Every structure is written in C-alpha cells, then in structure tokens.
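Topology and contacts: notes
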Amino acid sequence: MNSLQRMALAIVLALPTCRATAQDPQDSTATFWTFGIAGGVNIPTGGWSEHPYARGVKQFGSAWTGSAEIAVHTSRRFSLAIIGSYAPLATDDWTEYAASQGDRIESSASLGMVLLALRPRPYTDGVNAITIELAGGVLFTSGKESFGSFNYEYTFLPGVSATLEGGIEYERWISAEMAIFVRGTYAFGLADLEYGDGRTSALCTAPIIAGLRLRL
Amino acid sequence: MKSRFRSFLVFLLLLPYTASYSDSGGSISVRNATEMYLHIIVGGDPHLYVAPGGSISVSSEAGTHFISAFYSPGQGIAGVADTILSISRVETQTADCQGNECNSSNCSSESESEHSTSYTSATWTVRPEALAGGGE
C-alpha cells in the first residue's frame, strides 16, 4: 500500500468519525454567524473573453479566484451572506499570440465582485446541505496593456457595473464549528463591454470554488 | 443682411474642420478607413479595437486635441499616425427680441439681441497611407 492509498484509507476511516462528532448546526433555532474563505478557478464564458479579431485566442482566460464571506444563518433553511471575491483574468494566451505576430505586449486584467446573497437551503440533514445561492451586487473590472511606447487602460471593460449571480453549493459540517463547501456559480454583468466603435459584448463568468466555513 | 454674410464667411473659414454644430460642445470623430483594427487615443483617452470601417465620436471642449492612431497589436502590421484637431467656439448674434435680424437699427440695447454659442466639430479619416512607415 503506497502513501496515497494509505491517505485515502485514513480519510475514509475518518469520515464516520467526523459525522459522529458533527452536530446539526441548525439544531438550534437561534441565529448564528459564519465566516468563510474559499479558492478555486474562475472561468470567463461567452464572447467577451474571446479576442475581437484573433480567432480562437482567449483575451481573458481562466485563472485562480479567491473569496471571503460573512453569513448570518437565520434558520435551518435560510442564510444571508455578504461575499467579496477577486479573480485575475489570464492574458497569456493573448500576449503569446501577439508575440507570434511580432508584437511584444504586456497585459493584465482582473475582476472582482461584492455580492449580497440569499441562500435558501432546500435540503439539509444536519450535516450535509444543498444550498441555492441568488445574489446581486457590484462587479469591478479593470485591465491595462503596454505596446511599444503606448500604455493604455482596457477602457472597453465596463469598469464598475451591477451584477447578478446564481449558483448551487454543497456543504458538509465536519464539526459543530466548521464546515467545508463546494460552490459553482454563474454571474453576469448588467453592463456590457463596449469597444471603441460601439460594438458590445456581454460579460459572464463562472467561478467554481471550494472553501472552509467557521461558526463565529 | 451683413450679419448673414458674416456668418456665412465664418462657416466657410471653418469648413475644413466642420461637420456639424452643437450647443453643448464640439465633437471629434475619427474614422478607420483601413482594413485592420485600430487603437485610437484621443487626448489621452484610449478607444480600443475600432473595427475596419468603424468610427468613434468624442465630445470635446474648444481647443486643440492631440490624436494618435495605430494598428492594434497582433495583426502582423505596425504603423502609427498622429494629428492635431481643433475645436472652436463660435459666438453668434442672431436675432432681437422681436425675432428680427439683429442690427444697429432694430436693437435698442445689447440685451435685446440673442447670443448663441456653438462649437465646431472635426473629423479625421485614418487611411492606410497615413499609417504606412510608422513603427510602433
């Protein structure tokens, strides 16, 4: 048995223990608060992430994302959260393409969100829970590029705009004080990208994250 | 009549830079007459990925405005062109309070005449020849 197999066996053996020690965090009717942190991958989707004329080139590609949240659990079936997240947008596909065409550019871009989320919980057995997330808030985008003697901002990005988000989460309480979760969401900005000559493109993105939630 | 003639002369003088008049400020238009995408910088504000045949229009105050246009990167072609466009403020004295043409005989005082302010507009059409020979 190699080390990986031993580790897997240890995790499998530990799970019933976790379940046994975990208490239903929603047992109490009292409101409680949690703080969570998470990380994962942010996947820009749709035409906005494609380069305007370089076919098959991602101007804004997938990269890591991080988020933090504070949530108030008002009942066994509902919680309310404020979430902040940040995600750089990968530009290496675009810069490598430009280099292949003889143009040396440097580029960077990022995306951030501050959301107020409503979280109804259609399923919970006290340890495992499935949560729906419906959120709205503010989306921040920025980017810049240098090309020869020119340095310019990506003014076609919407900058600050309203955003809506929806998603689903699986949560497992591994103790009375701590839960782990996996969440997939889809967000879209209410303002489009707008290129110099008025062409527009809708901004959509799909973060997939895993994290840890601590009862305060 | 003299006033109309004077306005016409002003219009003729500004014709190279004039496409339209506006009360709230002038405008600068830049048209991409090349077959490639352009980045256009107007007074430091970038307008990126202007498609072939596309154009931008920017509101601007009176004065001179420095404009650069260059081939957007990644197209396998390099070229830069610059120009300076001027936006002028035009004051015109058009009519008196009776709606007649204003002149010294029918305007009893300065306050009876109507003054209007307009701004010229300017257009730059970027052609491949302008960008040829310019390196990035």
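For clarity, every value in this text was computed on a predicted model and none was experimentally measured.

The helix and strand inventory of chain B stands at two helices and nine strands. When the elements of chain B are put in sequence order from the N terminus, they spell out α-β-β-β-β-β-β-β-β-β-α. Across the 136 residues in chain B, those meeting the buried criterion constitute 43%. If you take every contact in chain B between residues at least 6 apart in sequence, the share linking residues at least 24 apart comes to 63%. In the structure as shown, chain B presents an accessible area of about 7,300 Å², 52% of it carried by carbon and sulfur atoms.

The residue H51 of chain A is located in the loop between β1 (32-45) and β2 (63-75) in this model. Looking at H51 of chain A, the relative accessible area reads 5%, which means it is buried. Put simply, H51 of chain A and W94 of chain A are 43 residues apart on the chain and 7.5 Å apart in space, counted from C-alpha to C-alpha. A distance of 3.0 Å separates the side chain of H51 of chain A from the side chain of Y49 of chain B, its partner in a polar contact.

Residues and elements named next belong to chain A. Relative to strand β8 (residues 160-173), strand β6 (residues 128-147) runs antiparallel, the two being bridged by 13 bridges. In the strand pairing of β8, I130 is matched with Y170. Direction of pairing for β8 relative to strand β9 (residues 178-189): antiparallel, over a ladder of eleven bridges. Along β9, the bridge assignment pairs T163 with G189. Here β8 hands over to β9 after four residues, the two strands then running antiparallel side by side.

Let's shift gears to the packing of aromatic side chains. Summed over the entire model, instances satisfying the criterion amount to 15 aromatic pairs over all chains. Both rings, one in F60 of chain A and one in Y154 of chain A, keep their centres 5.8 Å apart while their planes meet at 75 degrees; by these two values the pair is edge-to-face. One end of the pair, F60 of chain A, is in the loop between β1 and β2; the other, Y154 of chain A, is in the loop between β7 (150-153) and β8, with 94 residues separating them in the sequence. The same class applies to F60 of chain A and to Y154 of chain A, which are both buried. Taken together through their ring pairs, the aromatic side chains of W48, Y53, F60, Y154, F156 and Y195 of chain A together with Y37 and Y49 of chain B make up a single cluster. For R213 of chain A, the ring lying beneath its charged end belongs to F181 of chain A, and the centroid distance is 4.1 Å. The aromatic ring of F32 of chain A is capped on one face by R215 of chain A, whose charged end is 4.0 Å from the ring centroid.

Now for unusual backbone geometry. Residue and element names in this part refer to chain B. Backbone geometry at Y49 places phi at a positive 60 degrees, although glycine is not the residue there. Within the secondary structure, Y49 sits in strand β3 (residues 45-50). Judged by relative accessible area, Y49 falls into the buried class, the value being 0%.

A few words on the environment of V41 of chain A. Residue and element names in this part refer to chain A. Among the secondary structure elements, V41 is positioned in strand β1. Residue V41 is classed as partly exposed on the basis of its relative accessible area, which comes to 33%. Here the alpha-carbon distance between V41 and G184, two residues 143 residues apart in the chain, equals 9.9 Å. Apart from residues no more than four positions distant in its own chain, V41 is found in contact with S62, A63, W64, T65, A206, P207 and I208.

Here we take up the interface of chain A and chain B. Taken together, the contacts link 23 residues of chain A with 21 residues of chain B. Surface buried jointly by chain A and chain B totals about 1,800 Å² across both partners, of which 64% is contributed by carbon and sulfur atoms. Taken together, chain A and chain B are joined by zero salt bridges. Of all the secondary structure elements, the ones that give two or more residues to the side of chain A that touches chain B are α2 (92-100), β6 and β7 of chain A. Tallied by class, residues from the side of chain A that touches chain B come to twelve nonpolar, six polar and five charged.

Further remarks concern the nonpolar core. Grouped together as the largest cluster of nonpolar side chains are 36 residues, with contacts concentrated most on W48, F60, W94, Y154 and F156 of chain A together with Y49 of chain B. Residue assignment for this core shows that the elements contributing at least two residues are β3 (78-89), α2, β4 (105-120), β6 and β7 of chain A together with β3 of chain B. Sorting elements by how many residues they give to this core places β4 of chain A first, with six residues. Look past the residues within four positions of Y154 of chain A in its chain and what remains in contact with it is Q59, F60, W94, S107, S108, A109, G143, K144 and E145 of chain A together with L48 of chain B. If you look at the next biggest cluster of nonpolar residues, it comprises 19 residues, including I40, V42, A69 and A81 of chain B.

This next bit is on the sheet that holds strand β4 (residues 55-60) of chain B. Residues and elements named next belong to chain B. Here we have three strands laid out as an open sheet, ordered β4-β1-β9, and mixed in their pairing. Each end of this open sheet is capped by a strand with a single partner; those strands are β4 and β9 (122-126). Within this sheet the neighbouring strands show an average axis-to-axis angle of 15 degrees, counted without direction.

This next bit is on the confidence of the model for chain B. Residue and element names in this part refer to chain B. Per-chain confidence: chain B averages 76 in pLDDT, with 65% of residues scoring 70 or above. Every residue in residues 10-23 scores below 50 in pLDDT, and together they form 26 contacts with partners more than four places removed in sequence or on other chains. Interface predicted TM-score (ipTM) for the complex: 0.76; the corresponding pTM is 0.75.

About the thresholds
- Residues numbered from 1 in each chain as written.
- Chains lettered and ligands numbered in written order.
- Predicted model: local features only at pLDDT ≥ 70, side-chain atom pairs only at ≥ 80, totals over all residues.
- Heavy atoms only, no water.
- Helix = DSSP H or I, 4+ residues; strand = E, 2+ residues; numbered from the N terminus.
- Buried < 20%, exposed > 50% of the residue type's maximum accessible area, 1.4 Å probe, protein only.
- Contact = heavy atoms within 4.5 Å.
- Areas by Shrake-Rupley, 256 points an atom, 1.4 Å probe, with all protein chains shown as cover.
- Polar contact = N/O pair within 3.5 Å; in protein donor to acceptor, adjacent residues only side chain to side chain.
- Pairing = 2+ DSSP bridges.
- Phe/Tyr/Trp six-rings, centres within 6.5 Å; stacked < 30°, edge-to-face > 60°.
- Lys NZ or Arg CZ within 6 Å of the ring centre and 35° of its normal.
- Buried area = accessible area lost by both parts, 1.4 Å probe.
- Salt bridge = Lys/Arg side-chain N within 4 Å of Asp/Glu carboxyl O.
- Nonpolar A, V, L, I, M, F, W, Y, C, P; charged D, E, K, R; others polar.
- Core = buried A, V, L, I, M, F, W, Y, C linked by side-chain atoms within 4.5 Å.
- Axes fitted to C-alpha atoms, helices over the stretch in contact; angles between N-to-C directions.
- pLDDT = per-residue confidence, 0-100.

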